[in-house]
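Letter by letter, the chains look like this.
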Amino acid sequence: MLAAETVQVPLLEVEGLFKGLHKEDGTLEVLQDVFLEVGPGEIIGVVGPSGCGKSTLFNALAGLIPIDRGRIRLNGQEVPNIRGQVAYMQQKDLLLPWRTALDNAILGMEIQGLKKSRARKEAMEILKFFGLEGFQDRYPHELSGGMRQRVALMRTILCRKKILLLDEPFGALDAITRLMLQRWLLRVWMRFRPSILLITHDVDEALILTDRIYVMSLRPATIKRVVPVELERPRSATEKPLIDRKAELLRLLEEEIVETET
Amino acid sequence: MKRFWMDSILPFMLLVAIGVFWEAAVSIWHIPSYILPSPSRIILVIGERWNLLVANSLVTLGEITAGFVVALIGGVALALAIHSSRIVERATLPLVIASQTIPVFAIAPLLILWFGYGMGSKVVMAAIIVFFPIVINTVDGLRAADPDTISLLKVLEATPRQIMLKVRIPQALPFVFSGLKIGVAVSVIGAVIGEWVGAREGLGYLMIHANAQLQVDLVFAAIFCLSVMGVTLYALIGLLERHVVHWRGA
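Residues numbered from 1 in each chain as written. Chains lettered and ligands numbered in written order. Predicted model: local features only at pLDDT ≥ 70, side-chain atom pairs only at ≥ 80, totals over all residues. Heavy atoms only, no water.

K.L.:
Got a minute to help me understand the interface of chain A and chain B in this structure?
P.N.:
Where the parts come together, the accessible area they lose is often given as the size of the interface. Counting residues at the interface gives 21 residues for chain A and 19 residues for chain B. Where chain A abuts chain B, roughly 2,000 Å² becomes buried across the two surfaces, and 69% of that area is made up of carbon and sulfur atoms. Among the residues of chain A in contact with chain B, Leu94, Trp98 and Ile111 of chain A are the three that bury the most area, contributing 34% of the side total. Run the count over chain A and chain B and you get three salt bridges. (Contact = heavy atoms within 4.5 Å. Buried area = accessible area lost by both parts, 1.4 Å probe. Salt bridge = Lys/Arg side-chain N within 4 Å of Asp/Glu carboxyl O.)

What follows is the structure in structure tokens.
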């Protein structure tokens, strides 16, 4: 299988994005001149030290917080944010405890006004694909962490959006479950071909999944480097080109650690 | 199973022990029954005056139930208003809290004056008492929704109405039930005080009446009926809670 084709018209473009937290004693710059590009069907990674403002970037893109300056373009059209065009998934599964797995999965469709019965039917069709067959009537507390996260992934896919914002989606899982879910995400991507913007602090995860990695610096966060991965999928963390890129990424991130210590 | 044993048998055994001690104390020290009737005598009276007790219990139960329903509807409505409007919150919440400093005993005569000797004044009394825990708990419950979940729904372009119906209200349900449980205990107090101050029927009325005639055993029988009623209502609400808030217990 090939890596996603390189960009023709970027689906999403971000340019010169600035965002500060405004407090009484002045402004704390969080994002400084952030740029990125997501092509149709690409998986793009954003890595950076904890607390550097990765989630702020996502919240700004999703329209949960306003940006100070900068341009966001969707299919070449300038937009204030991309709310309504994206589905969103976090480290926390955010499943509603009073809803069954199936009804959690259809939350997005329900909000879009789809009838419950139709949404359920549609969800049932891909239930097996997410390895949740037979678990549709279970409540979240009856499911394992990995299963809950798959329900969340299913909910994200069923929103039927072109872009998925994934904010450390597997961060709370153990290493083995995380590997399994990364494979799952790839299968989901191969089947539905969404564009994915993936925040992670797991360098391996970024290398295994993404086409391109934007490395962010400490606050105020800027894009320090763009590292193209462009290897065939599925990838293994042990192959040579991946290890080379990993070394580069780790070097870039280590510089940030040194800067904090001084 | 062991848990069930501990939870239900131990209190029951303690109750029996107290009863035995009480029975013994009354007979050893020859306490006259117009001061303190023995448990056996109370049980006897309950049997003898069964019809009277049931009739009056039903009156009080009706008052409590009606007051409860009024408070539930009014309380949840006010809580929704407080939650959705800053102005309503600022205006009413301090008053709701301040109103709690007024003892219901103090306004009981006024309520009798305004709503009469019948059930109306007792319903109002019970409702006033139950209102507060329901409002406060429901407001807390509506605020308890996880901000990240709310963000998720906003990103999915949910309307405020959808957020309310799909997240906030279900999230508030366990809190509403906590309010109901507190409410059920105090509602009994409300209705009985109302009946003490002025009534023609009901367990409170029966107690005042019996007390005046030195029928202390009947007073105790009425108290017994009241506590059975309170415990039963509490258990019913617990049962309903387990059914409605099914995702919690497991």
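K.L.:
Any chance you could explain the side chain of Thr149 of chain B here in plain terms?
P.N.:
Inspection of the secondary structure puts Thr149 of chain B in helix α7 (residues 147–155). Every residue in contact with Thr149 of chain B, bar those within four places of it in the chain, is listed here: Leu94 and Leu96 of chain A together with Val167 of chain B. (Helix = DSSP H or I, 4+ residues; strand = E, 2+ residues; numbered from the N terminus.)

K.L.:
Please clarify how the pattern of salt bridges should be interpreted in this entry.
P.N.:
Two side chains with opposite charge may pair up if their charged atoms get near one another. All names here are of chain A. Tallied over the entire structure, the rule returns 23 salt bridges over all chains. Where Arg120 meets Asp103, a salt bridge forms, and the shortest distance between an N and an O atom there is 2.8 Å. Of this pair, Arg120 sits in helix α4 (residues 116–127) while Asp103 sits in helix α2 (residues 101–105); the two residues are 17 residues apart in sequence, bridging distant segments of the chain. On the basis of relative accessible area, Arg120 is assigned to the partly exposed category, the value being 30%. The network of salt bridges with common partners includes Glu13, Glu15, Arg71 and Arg73. (Buried < 20%, exposed > 50% of the residue type's maximum accessible area, 1.4 Å probe, protein only.)

K.L.:
Please clarify how the sheet that holds strand β9 (residues 212–216) of chain A should be interpreted in this entry.
P.N.:
Through backbone hydrogen bonds, the strands of a sheet pair up, either in parallel or in antiparallel fashion. Residue and element names in this part refer to chain A. Taken in spatial order, the six strands of this open sheet run β6-β7-β8-β3-β9-β10, and their pairing is mixed. Each having just a single partner strand, β6 (86–89) and β10 (223–228) make up the two edges of the open sheet. Neighbouring strand axes in the sheet, compared pairwise and without regard to direction, differ in orientation by 15° on average. Of the strand pairs in this sheet, strand β7 (residues 163–167) and strand β8 (residues 195–200) are connected by five bridges, and their pairing is parallel. Looking at the pairing, Leu165 lines up with Leu197 of β8. Its contacts with the sheet put helix α1 (residues 54–61) on β3 (43–47), β6, β7, β8 and β9, and the angle it makes with β8 is roughly 150°. In the packing of helix α5 (residues 145–158) onto the sheet, the strands contacted are β6 and β7, and the crossing angle to β6 comes to about 170°. (Pairing = 2+ DSSP bridges. Axes fitted to C-alpha atoms, helices over the stretch in contact; angles between N-to-C directions.)

Keep in mind these numbers describe shape, not what the thing actually does.
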